[in-house]
Structures are given as structure tokens and as C-alpha cells.
Amino acid sequence: MPAIDWLVPELAKHYKLKIELHVNGEPRRFAPEVELVLFRIVQESLRNIGKHAMASRAVVTVDFTPEITVVIIKDNGRGFHPPDRIGDLAVSGKLGLTGMQERAQLIGARLSIKSNPGEGTTVTVEVPTTTEQPEHSY
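Residues numbered from 1 in each chain as written. Predicted model: local features only at pLDDT ≥ 70, side-chain atom pairs only at ≥ 80, totals over all residues. Heavy atoms only, no water.

Draft legend 1. A look at the side chain of Glu20. Along the chain, the position of Glu20 falls in strand E1 (residues 18-24). For Glu20, the side chain forms a polar contact with the side chain of His22, separated by 2.9 Å. Sequence-distant contacts of Glu20, that is, excluding residues within four places in its chain, are made with Arg57, Ala58, Val59 and Val60. (Helix = DSSP H or I, 4+ residues; strand = E, 2+ residues; numbered from the N terminus. Polar contact = N/O pair within 3.5 Å; in protein donor to acceptor, adjacent residues only side chain to side chain. Contact = heavy atoms within 4.5 Å.)

Now the structure itself:
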């Protein structure tokens, strides 16, 4: 949370956006790699909003519950037609969104993207509290 607390006003100033941050529940710490992935997803989402969405406002919500932590990044921008499968993001040129999906998978999180032209975009990442870190095989 301290990194996201720092990030939100920095990017709001940089992109001249109004960005609100809401935190619900009791914040908790995760393994460093999980915290880094969550930070990078929020960062990439806000950068995408600043660069592409033509939005005036964004909201970052972090909900901590005993079972799950949910991070939602929502904007009021122009939106887009997401592909039917999140795996097709790279084919449609959405490489930043593809990277977010890959990062989420690495930590056992679920990422979803909802968007409609003229209605903005919502990126949601769900991290189970009890999820153990996946083992890496090299």
C-alpha cells in the first residue's frame, strides 16, 4: 500500500488526471513478488489510462477481506473492444494488458478486463489470501 499511496498522486499529476484511491478492510502484506506484481498492474493500468483512455477520472479500489484481496482500476475513458479471450490481447496489440495478465498468472491471481467503447475500462485483479506462491521450474 505505501507504494500505491505514492504512485497515485504521482501519475495523477503527470497525466493531469483525477485519481481517487479507496482502501477497504485491513491492509495486509504479501510476499515481495506478489506486492511487486500488484504494484506493476496498478502502475500499468494507470499509465494506460493516462496515455490511451482520454479519461478525466480514474478510481483505484483495494478491498482486503479475510479470503481475498481485490484491486480494481476503473476509468471514465473512451474504452475499447476487448477480445473474447484475454489470451488474445497480444494479437490485438494490447501488449501492456498482456503483460499484466502474465504477471497475475505468475502469482496465482486472476485478472479480468471489462471495457466498452464510450464507457471506460475496468481492470480487476483478485489475489486469494491463502494462495501459496507457485513453484518455478527452470
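Draft legend 2. Representation of the environment of Arg57. Here Arg57 lies in strand E2 (residues 57-64). Spatially, the C-alpha atom of Arg57 lies 7.8 Å from that of Gly77, the residues being 20 residues apart in sequence. Side chain to side chain, Arg57 and Glu20 meet in a polar contact 2.7 Å long.

Draft legend 3. Layout of the side chain of Thr122. Tracing the backbone shows Thr122 in strand E5 (residues 120-128). Taking relative accessible area as the criterion, Thr122 reaches 18% and is therefore assigned buried. Not counting chain neighbours up to four residues away, the residues in contact with Thr122 comprise Ile72, Ile73, Lys74, Ser112, Ile113 and Lys114. (Buried < 20%, exposed > 50% of the residue type's maximum accessible area, 1.4 Å probe, protein only.)

Draft legend 4. Quick peek at the environment of Ala53. Note on placement: Ala53 falls in helix H2 (residues 32-53). Judged by relative accessible area, Ala53 falls into the buried class, the value being 11%. The spacing of Ala53 and Asp75 is 22 residues in sequence and 7.8 Å in space, taken between C-alpha atoms. Setting aside its immediate chain neighbours within four residues, Ala53 contacts Asn48, Asp75, Gly77 and Arg78.

Draft legend 5. Broad picture of the sheet that holds strand E3 (residues 68-75). Taken together, the five strands give an open sheet; going across it, the order is E1-E2-E3-E5-E4, and neighbouring strands pair in mixed fashion. Taken across any chain shown, the strands that pair with only one partner, and hence form the sheet edges, are E1 and strand E4 (110-116). Across the sheet, the axes of successive neighbouring strands diverge by a mean angle of 10 degrees, strand direction being ignored. As paired elements, E4 and E5 share seven bridges and run antiparallel to each other. Note that in E5 the partner of Lys114 across the bridge is Thr122. Along the sheet, helix H1 (residues 2-15) makes contact with E1 and E2, crossing E1 at roughly 165 degrees. (Pairing = 2+ DSSP bridges. Axes fitted to C-alpha atoms, helices over the stretch in contact; angles between N-to-C directions.)

Draft legend 6. Here's a closer look at a positive patch on the surface. Judged by side-chain charge, Arg40, Arg47, Lys51 and Arg103 come together as a positively charged surface patch. With three residues, the top contributor of residues to the positive patch is H2. (Patch = residues over 30% accessible without salt bridge, like charges linked within 9 Å, V, L, I, M, F, W, Y side chains within 5 Å. Areas by Shrake-Rupley, 256 points an atom, 1.4 Å probe, with all protein chains shown as cover. Salt bridge = Lys/Arg side-chain N within 4 Å of Asp/Glu carboxyl O. Lys, Arg positive; Asp, Glu negative; His and termini not counted. Charge placed at Lys NZ, Arg CZ, Asp CG, Glu CD.)

Draft legend 7. Fine view of the pairing of E5. Buried residues dominate E5, accounting for seven of its nine residues. Sheet analysis places E3 next to E5, joined by seven bridges and oriented antiparallel. Looking across to E5, one finds that Ile72 is bridged to Thr124.

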